[in-house]
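# Working through the structure, step by step
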Amino acid sequence: MAQMTAFTLLVGILYIGDVVSSKTKAWISSVFVCAVLFVIGYWTFFPENIVEIAGIPPVVATLLMYLLITNMGTLLSVKELVNQWKTIVITLSGILGIVVLLLTAGSVVFDFKTVLVAVPPLVGGVVSSLIMSEAAQTAGLTSLSVLAILIYVMQGFAGYPLTSIMLKKEGKRMLEKYRSGEWVPTHEQETSESSESDEDLPKLFKGIPKKYHTDYSRIFRLAIVATLAYYVSVWCAPFLSISPFVLCLFFGVVASSLGFLEKQPLKKANSFGFAILGLMLFIFDGLKKATPEMLEELFLPMVGIIIIGVIGMYIFSAIVGKLLGVSKEMAFAVSLTALYGFPADYIITNEVIQSLTEDKKEKEALTSHMMPPMLVAGFITVTIVSVVLAGIFSSILLSL
């Protein structure tokens, strides 16, 4: 298949996802639609390496991940990041719900080894899936090795639509409060001094003539921050394992607060859309592993484990959310990020906001309310907790 043919086909799928999401006012997520179309494509005529043929090999996707996550950090302030402690507690409670219900009720329906292999991939990304897959292979459990990958590949089919539904309910509730004057978003409570000039230049560079603030200068500063995050992760490795992507988010927050980066530099550099496009294609690339034969063999345990896990997540997150004064919809939504992580958490949240209102101020209000917890939750689950769980559960599996 020619490169431009592959690229055109894949971008066409992303566009169809956007159209369906827009037509259904985000009740059906674009991410869900795209995932279904990718699976159909891989089962019919897509070459297995179609994403790489289109020009997005893993090394490019990793680069985009560094830039995009650092860019996302500029959406938050240090104060907002600190205020997300409730999100972290609720997210951890949702993961605890998955673990508890699967180790109890799940072990009754399925055998204990199946549950051990399934839990880390269900609350995380590709790293935890690979750890459990290799552990199962080492233990001679070939089918469970496949199950670990399959759950990682397919769990988004539960997470995407559920998240969209929860966020729409939360967004409608908050919009009513905003319109009636019952709720004032954090960003509107702060002094209006933060409103920058029309060129939106970062504070540290306002003395530099505007002609030197080019697209390249913005991406260059963004790359500096992402590079620093990477090296801090490397330096900390002998003492403490910290994902460079988590540090990218944090460093993006700090760099924006200090005035080294403007808000959303990738958007101002006219690069955000293409970066998201490239990363989403790479995420969907994982669906090539979900062959019809694999799905037929492991369909029941996969579906059963996902259903039991999501029920446990909902129960625990709703209880803790109520104790912390967070609605059950928002609590469940942030917990659901465990099923997909970044960038799907950003995409789904943004398309829900776009579907709820045309008013710019209302969009900003909803963004300030829903985007920070969704981003923070996605990184807590996928990049930190799931890897820790995978390390623990793989050790238990190999000791049995």
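By convention here, each chain's residues receive numbers from 1 onward along its written sequence. With pLDDT at 70 or above as the cut-off, local features in this predicted model cover only qualifying residues; side-chain atom pairs require 80 or more to be listed or tallied, and sums for whole chains, interfaces and linings still use all residues. No hydrogens and no water enter the side-chain calculation; it runs on all heavy atoms of the structure.

### A few points about the pattern of salt bridges
Spelled out, the test is: Salt bridge criterion: a side-chain nitrogen from Lys or Arg within 4 Å of a carboxyl oxygen from Asp or Glu. Only runs of H or I of at least four residues qualify as helices and only runs of E of at least two qualify as strands under DSSP, and these elements are numbered from the N terminus. Each residue gets one of three labels from its accessible area relative to the maximum for its type: buried under 20%, exposed over 50%, partly exposed in between, using a 1.4 Å probe on protein chains only.
By the definition in use, this model includes six salt bridges. Note that Arg179 is salt-bridged to Glu362, the shortest N-O span being 2.8 Å. With Arg179 in helix H10 (residues 156–180) and Glu362 in helix H19 (residues 360–399), this residue pair connects regions lying 183 residues apart in the sequence. When its relative accessible area of 53% is taken as the criterion, Arg179 is described as exposed. Residue class for Glu362 comes out buried when judged on its relative accessible area of 11%.

### Quick look at the packing of H10 against helix H18 (residues 344–356)
Our working rule: Helix axes are fitted to C-alpha atoms over the stretch in contact, other axes to C-alpha atoms as well, and angles between N-to-C directions run from 0 to 180 degrees. Angles are sorted into four bins: roughly parallel if under 35 degrees, roughly antiparallel if over 145, roughly perpendicular if 65 to 115, and oblique for all others. Here is the rule for handedness: rotate from the far helix to the near one, and if that takes an anticlockwise turn smaller than a right angle the crossing is left-handed, while a clockwise turn gives right-handed. Two residues form a contact once any of their heavy atoms are found within 4.5 Å. Basically, the charged four are Asp, Glu, Lys and Arg, the nonpolar ten are Ala, Val, Leu, Ile, Met, Phe, Trp, Tyr, Cys and Pro, and anything else, Gly included, counts as polar.
In the contact formed by H10 and H18, the axes pass within 9 Å of each other and the chain directions differ by 45°. Taken together, the axes of H10 and H18 lie oblique to each other. Every pair of crossing elements has a handedness; the one defined by H10 and H18 is right-handed. Contact residues: Tyr160, Thr163, Ser164, Leu167, Lys168, Gly171, Lys172, Leu175 and Arg179 in H10; Ala344, Ile348, Thr349, Val352, Ser355 and Leu356 in H18. Split by residue class, the contact of H10 with H18 holds seven nonpolar, five polar and three charged.

### Quick look at unusual backbone geometry
Residue Gln264 is not a glycine yet carries a positive backbone phi of 50°. Here Gln264 shows up in the loop between helix H13 (244–258) and helix H14 (265–268). Even without glycine at this site, Asn270 takes up a positive phi of about 55°. Checked against the element boundaries, Asn270 lands in the loop between H14 and helix H15 (272–285). Taking relative accessible area as the criterion, Asn270 reaches 67% and is therefore assigned exposed.

### Some thoughts on helix H16 (residues 292–323)
Here is the rule we go by: One less than the number of residues in a helix, times 1.5 Å, gives the span that helix is expected to have.
With 32 residues, H16 should cover 46 Å at 1.5 Å per step; its first-to-last C-alpha distance of 44 Å lies within 8% of that length. In the stretch just after H16, Gly325 is the one whose phi turns positive, near 80°.

### Let's talk about the packing of aromatic side chains
The line we're drawing: Here is the rule: rings of Phe, Tyr and Trp (six-membered ring for Trp) pair when centre to centre is within 6.5 Å. Planes less than 30 degrees apart are stacked, more than 60 are edge-to-face, and the remainder are tilted.
Inspection of the entire model under this criterion finds 13 aromatic pairs. Pairing Tyr230 with Tyr231 gives two aromatic rings, centres 5.1 Å apart and planes at 75°, and the pair type is edge-to-face. A residue is classified by how much of its surface remains accessible, and Tyr230, at 37% relative accessible area, is partly exposed. Since its relative accessible area comes to 39%, Tyr231 is described here as partly exposed. With 4.9 Å between their ring centres and 75° between their planes, Tyr314 and Phe332 make a pair best called edge-to-face.

### A short note on the nonpolar core
The cut-off we apply is this: Remark: nonpolar core denotes a set of buried residues (Ala, Val, Leu, Ile, Met, Phe, Trp, Tyr, Cys) joined through side-chain atoms within 4.5 Å.
Residues Phe38, Leu68, Phe284, Leu287, Phe342 and Tyr346 are the most contacted members of the largest nonpolar core, which totals 123 residues. Here this core takes 15 residues from H19, the largest share from any one element. Filtering out sequence-adjacent residues up to four positions away, Phe38 remains in contact with Leu10, Ile13, Phe46, Val51, Leu281, Phe284 and Leu287.

Fair warning: the whole summary comes from geometry, so function is off the table for now.
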